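Remarks on the overall topology
Chain residues, written in single-letter form:
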Amino acid sequence: MADAGYHCYAPDWLGFGFSQKPQPGYDFLYTEEAFHEEFEKLLIELGIDSPFFMVTQGFLMGSYGLTWALKNPNKIKKLAILNSPLTPSASVPGLFKKLRFPLLGEFTCQNAIMAERFIEGGSPYVLKNEKADVYRLPYLSSSGPGFAILEAARKASFKDLSSRISSGFSFGRWDIPILVAWGIADKYLPQLEAETFQQNNVSLVTVNMLEGAGHLPQEDWPEKVVDSLKRYLK
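Here goes a summary of the coordinates provided. Position numbers for residues count from 1 along each chain, tracking the sequence in the order it is written. Reporting of local features is limited, given that this is a predicted model, to residues whose pLDDT is at least 70; pairs of side-chain atoms are given and counted only at 80 or more, and all residues count toward the totals for whole chains, interfaces and linings. Heavy atoms throughout the structure, all of them, feed into the side-chain values; hydrogens and water do not.

Let us look at the overall build of the protein chain. We count a stretch as a helix when DSSP gives it H or I for four or more residues in a row; a strand needs E for two or more, and each element gets its number in order from the N terminus. A count of helices and strands for the protein chain gives eleven helices and four strands. Against the 2.2 N^0.38 benchmark of 17 Å for 234 residues, the protein chain shows a C-alpha radius of gyration of 17 Å, consistent with a compact globule. Its C-alpha atoms give the protein chain principal-axis dimensions of about 45 × 35 × 35 Å. Partly exposed residues are those whose accessible area sits between 20% and 50% of the maximum for their type, while under 20% is buried and over 50% is exposed, using a 1.4 Å probe and protein chains only. The buried share among the 234 residues of the protein chain stands at 47%. Summed over its atoms, the accessible surface of the protein chain is roughly 11,900 Å², and 56% of this surface lies on carbon and sulfur atoms. Charged-residue counts in this description rest on Lys and Arg as positive and Asp and Glu as negative, His and the chain ends being excluded. Positions of charges follow a simple convention, taking NZ of Lys, CZ of Arg, CG of Asp or CD of Glu. Averaging the locations of the 23 positively and 26 negatively charged side chains of the protein chain gives two centres separated by 3 Å. The globule rule used here is 2.2 Å times the number of residues to the 0.38 power, and the radius of gyration it is set against is calculated over C-alpha atoms. Each accessible area is a Shrake-Rupley result for a 1.4 Å probe, and residues are judged covered by the shown protein chains and nothing else.

Next up, the structure:
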């Protein structure tokens, strides 16, 4: 995208990747509102004060990105959504269910292969070791990422999030163009999710099905995602 002339930012949210891992309950609450506040601070720090193109993906942080957009439509120029829960019928992956159980959640969140297994679980292939190592690294470096996702998952209401997203972007309530670029080999979310979402606002939602890509199309087949974004954002 940068080669196409776009100035791109791809931040890790607090608690994830190589961003800081504040201590749950003390330094950061890991709630939807807390993530929204930190995203606002990031925009100020980056000097982004005019409408921009926003791209989101994923069950938790992707959903929080979308609910932030619903609260701040005046800051969005165009919105692009990669595989994310978009309707109340969206199912929650087993990983998030495990994290909600006492003790089991604490054990699961410290498993260094959790991230790669989640990616493989929603994709049409098995990760090569050198790629899997990249996803393991934050969890091997400290316990912070595990406890961050544990806290965030326990405080998230997935059904409520997807219901608000479904209704918030429906016809008559949202008037900014949306691209849904969807990896059709997603084992967590069927393509019906994208099709149903489009039916709620047909005039503004464009769906581009990406063959060969799964739950993380930006990882599975980045070239197709870039082509889709370039055609849509121009």
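The next point concerns the packing of helix α2 (residues 61-71) against helix α8 (residues 158-168). Only the stretch in contact is used when a helix axis is fitted, and all axes are lines through C-alpha atoms; the angle between N-to-C directions ranges over 0 to 180 degrees. At a closest axis distance of 10 Å, the pairing of α2 and α8 adopts a crossing angle of 40 degrees. For the element pair α2 / α8, the angle class is oblique. Crossing angle aside, the handedness with which α2 passes α8 is left-handed. Two secondary-structure elements touch here, α2 through S63, Y64, L66, T67 and L70 and α8 through L161, R164, I165 and G168. Here is the rule for angles: anything less than 35 degrees is roughly parallel, anything more than 145 is roughly antiparallel, 65 through 115 is roughly perpendicular, and the remaining ranges are oblique. Each crossing is labelled by how the near helix is turned from the far one, with a counterclockwise turn of less than a right angle marking it left-handed and a clockwise turn marking it right-handed. Contacts between residues were defined by any pair of non-hydrogen atoms, one from each residue, lying within 4.5 Å.

Attention now goes to unusual backbone geometry. The backbone of Y30 shows a phi angle near 60 degrees, a positive value even though the residue is not glycine. Within the element layout of this structure, Y30 appears in the segment before α1 (32-46). Relative accessible area serves as the criterion here: at 0%, Y30 is assigned to the buried category. The phi dihedral of L103 is positive, around 70 degrees, even though this residue is not glycine. Structurally, L103 is set in the loop between α3 (94-99) and α4 (104-109).

Of all hydrophobic cores here, the largest spans 51 residues; its most connected members are F35, L79, F169, I178 and F197. Setting aside its immediate chain neighbours within four residues, F169 contacts L66, A69, L70, L79, W174, I178, F197 and N201. Judged by nonpolar contacts, the second largest core, of ten residues, contains A181, V225, Y232 and L233. Take the buried residues of types Ala, Val, Leu, Ile, Met, Phe, Trp, Tyr and Cys, join any two whose side-chain atoms come within 4.5 Å, and each joined set is a nonpolar core.

Let us look at the side chain of S19. Relative to the elements of secondary structure, S19 occurs in the segment before α1. Any N or O atom pair separated by 3.5 Å or less is treated as a polar contact, with the protein-specific requirement of one donor-capable and one acceptor-capable atom, and with residues adjacent in sequence counted only for side-chain atom pairs. Separated by 2.6 Å, the side chain of S19 and the backbone oxygen of D12 make a polar contact. Those residues in contact with S19 that sit more than four places away from it in its chain are D12, W13 and L14.

What follows covers the packing of aromatic side chains. Each aromatic ring pair is characterised by the separation of its centres together with the angle its planes make. Between the rings of Phe, Tyr and Trp (Trp by its six-membered ring), a pair exists once the centres lie within 6.5 Å; its type follows the angle of the planes, with under 30 degrees stacked, over 60 edge-to-face, and the other angles tilted. In total, this model carries 16 aromatic pairs according to the counting rule given. Taken together, a centroid distance of 5.7 Å and an interplanar angle of 80 degrees make the contact between W13 and F35 edge-to-face. Linking W13 in the segment before α1 with F35 in helix α1, this pair joins segments that are 22 residues apart in sequence. Note on F59 and Y188: the rings are 6.2 Å apart at their centroids and 80 degrees apart in plane angle, and the pair reads as edge-to-face. Here F59, found in the loop between β1 (52-56) and α2, pairs with Y188, found in the loop between β3 (178-183) and α9 (191-199); they are 129 residues apart in sequence, far enough to count as distant. For the pair shown, F59 and Y188 are each scored as buried. Through a chain of ring-to-ring contacts, the aromatic side chains of W13, F28, Y30, F35, F39, F52, Y64 and W68 assemble into a single cluster. Counted as over-ring charges are cases with an Arg CZ or a Lys NZ within 6 Å of the ring centre that also lie within 35 degrees of the ring normal. One residue, K78, lies across the ring of Y232, its end atom 4.9 Å from the ring centre. Seen from the ring of W221, K224 lies directly overhead, with NZ or CZ sitting 3.9 Å from the centre.

Take it as geometry only, folks, not as evidence of what the structure does.
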